[in-house]
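Structural features, examined
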Amino acid sequence: RFFEDIMQFKPTDKQKKIVGVVLLILVLLGVYYYSTKPRYNTQAQLMLIQAMSSLSSVSPEDSNSTQVLSLLRDLTTKYHGTVSSKRGLYYMGLYYFKMHNLDSAEVYFNSFISRGVDDPLLVSSSLAYLGSIMVAKGELDRAYTYLVKASMKAPLKTLRAYYLYRAVKLKESEKKYDEAYALLKKIRDDFPEFNLGKPGDIEEEMKLLKNLMEVKK
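Residues numbered from 1 in each chain as written. Predicted model: local features only at pLDDT ≥ 70, side-chain atom pairs only at ≥ 80, totals over all residues. Heavy atoms only, no water.

**Quick look at the environment of H80**
- If you trace the backbone, H80 turns up in the loop between α4 (65-78) and α5 (83-98).
- Along the backbone, H80 and A44 are 36 residues apart, and their C-alpha atoms lie at a distance of 9.4 Å. (Helix = DSSP H or I, 4+ residues; strand = E, 2+ residues; numbered from the N terminus.)

**Focus: the pattern of salt bridges**
- For the coordinates displayed, the defined rule picks out 14 salt bridges.
- K137 serves as the salt-bridge partner of D103, at 2.8 Å between the closest nitrogen and oxygen. Here the residue D103 occupies a position in helix α6 (residues 102-114), and K137 occupies one in the loop between α7 (120-136) and α8 (140-153), the gap between them amounting to 34 residues.
- Here K137 falls in the partly exposed class, since its relative accessible area comes to 34%.
- Taking the shortest distance from any N to any O, the salt bridge between E174 and K171 comes out at 3.8 Å.
- By relative accessible area, E174 is classed as partly exposed at 22%. (Salt bridge = Lys/Arg side-chain N within 4 Å of Asp/Glu carboxyl O. Buried < 20%, exposed > 50% of the residue type's maximum accessible area, 1.4 Å probe, protein only.)

**Some thoughts on unusual backbone geometry**
- Phi at H100 takes a positive value of approximately 65°, unusual for a residue other than glycine.
- Relative to the helices and strands, H100 is located in the loop between α5 and α6.
- Residue classification places H100 among the exposed residues on the basis of a relative accessible area of 61%.
- Positive phi is not limited to glycine here, since K175 has a value of about 60°.
- Counting through the fold element by element, K175 comes out in the loop between α9 (157-173) and α10 (177-190).
- Accessibility expressed as a relative area gives 52% for K175, which makes it exposed.

**Structural notes on the environment of R142**
- Here R142 lies in helix α8.
- C-alpha separation for the pair R142 and S132, spaced 10 residues apart in sequence, amounts to 9.9 Å.
- Filtering out sequence-adjacent residues up to four positions away, R142 remains in contact with E106 and M134.
- Of the polar contacts made by the side chain of R142, one reaches the side chain of E139; its length is 3.0 Å. (Contact = heavy atoms within 4.5 Å. Polar contact = N/O pair within 3.5 Å; in protein donor to acceptor, adjacent residues only side chain to side chain.)

**Some details on α6**
- The end-to-end C-alpha distance of α6, which contains 13 residues, comes to 18 Å, matching closely the 18 Å that a straight helix rising 1.5 Å per residue would cover.
- Residues of α6 that are buried sit in contact with α5, α7 and α8.
- Immediately beyond the C-terminal end of α6, within one or two residues, lies G116, with a positive phi of roughly 70°. (Expected span 1.5 Å × (residues − 1).)

**Focus on α7**
- Helix length check: α7, at 17 residues, gives a terminal C-alpha distance of 24 Å against a target of 24 Å (1.5 Å per residue), a fit within 8%.
- Considered for burial, the residues of α7 that qualify are L122, V123, S124, S125, S126, L127, A128, L130, G131, I133 and M134.
- Turning to α7, the residues buried within the fold contact α5, α6, α8 and α9.
- Once α7 finishes, G138 follows within two positions and takes phi at roughly 80°, a positive value.

**A few points about the nonpolar core**
- The biggest cluster of nonpolar side chains holds 54 residues, and the ones touching the most others in it are Y91, Y95, L184 and I187.
- Take this core: its biggest share by element is 8 residues, from α9.
- Aside from chain neighbours lying at most four places away, what touches I187 is A161, L164, Y165, V168, P192, F194 and I202. (Core = buried A, V, L, I, M, F, W, Y, C linked by side-chain atoms within 4.5 Å.)

**Some points on the packing of aromatic side chains**
- One pass over the full model with this rule turns up 9 aromatic pairs.
- An angle of 90° between the planes, with centres 4.8 Å apart, marks the rings of Y90 and Y91 as edge-to-face. Note on accessibility: Y90 and Y91 belong to one class, buried.
- The rings of Y90, Y91, F97, F109, F112 and Y129 are connected pair by pair, giving a single aromatic cluster. (Phe/Tyr/Trp six-rings, centres within 6.5 Å; stacked < 30°, edge-to-face > 60°.)

Okay, structure coming up:
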C-alpha cells in the first residue's frame with residue numbers, strides 16, 4: 001500500500017518548487033564537494049618533486065632557471081586542483097623570490113595561502129616570506145603582522161621562536177625597544193630551548209634592550 005501511495009502521489013505546484021530547490025541545493029553541494037576535495041595525481045607529484053629539487057640552483061644569473069618556471073607553470077595549469085598543483089603555487093612564489101621579483105612572489109604566496117592547503121610548514125613559510133617582502137617594500141607594520149602569523153602557524157617550536165625573533169629584530173630596527181623586549185621575553189618564557197648561539201644569549205639581548213629603553217627615556 002505504501003508503494004501504491006508513492007506511485008499515485010501527485011505533488012502540487014508548491015511542492016514541485018520545493019523539490020526543485022532541494023535538488024538544486026544537492027547538486028550544488030555535490031559540485032562544491034568534488035571541486036574542493038583534494039585530488040592526488042602521481043604525475044603531478046613527480047613534477048613537484050622535480051621542481052623542488054631544481055629550485056636550489058635557481059638564481060637570476062642562471063639561464064636554466066626558466067626551465068624550472070616552465071615546469072611549475074605546467075604543474076599549476078595542467079594538474080589544476082590537485083594537491084601537488086596547489087603546493088606548486090608556494091614554489092612559484094619561492095622561485096620568484098629567489099629571482100628577486102618580489103611582486104610576483106607576493107602574488108603566488110598569497111595565492112597558495114588562499115587555497116587552504118593543510119600544510120602548516122608551507123603556510124607558515126609563505127607568511128614569513130611575505131614578511132620579508134614587506135620589509136623590502138618598507139611596509140614594516142605589515143611585515144610584523146606576517147611574521148607573528150607565521151609564528152602562530154608554524155608546526156615546530158623552533159620555527160615559532162625563530163619567526164618571533166625576526167619580529168623582535170624588526171621592532172629593534174624601528175627603535176621600538178619596549179615591544180622588542182616584550183617579544184623577546186615571550187620567546188624566553190614560551191620557548192626556553194631556543195637560543196641564538198649559546199645558552200644565555202637571549203638574557204644578554206634582553207639586558208641590552210632594557211638599557212636601550214632606559215636611554216630612550
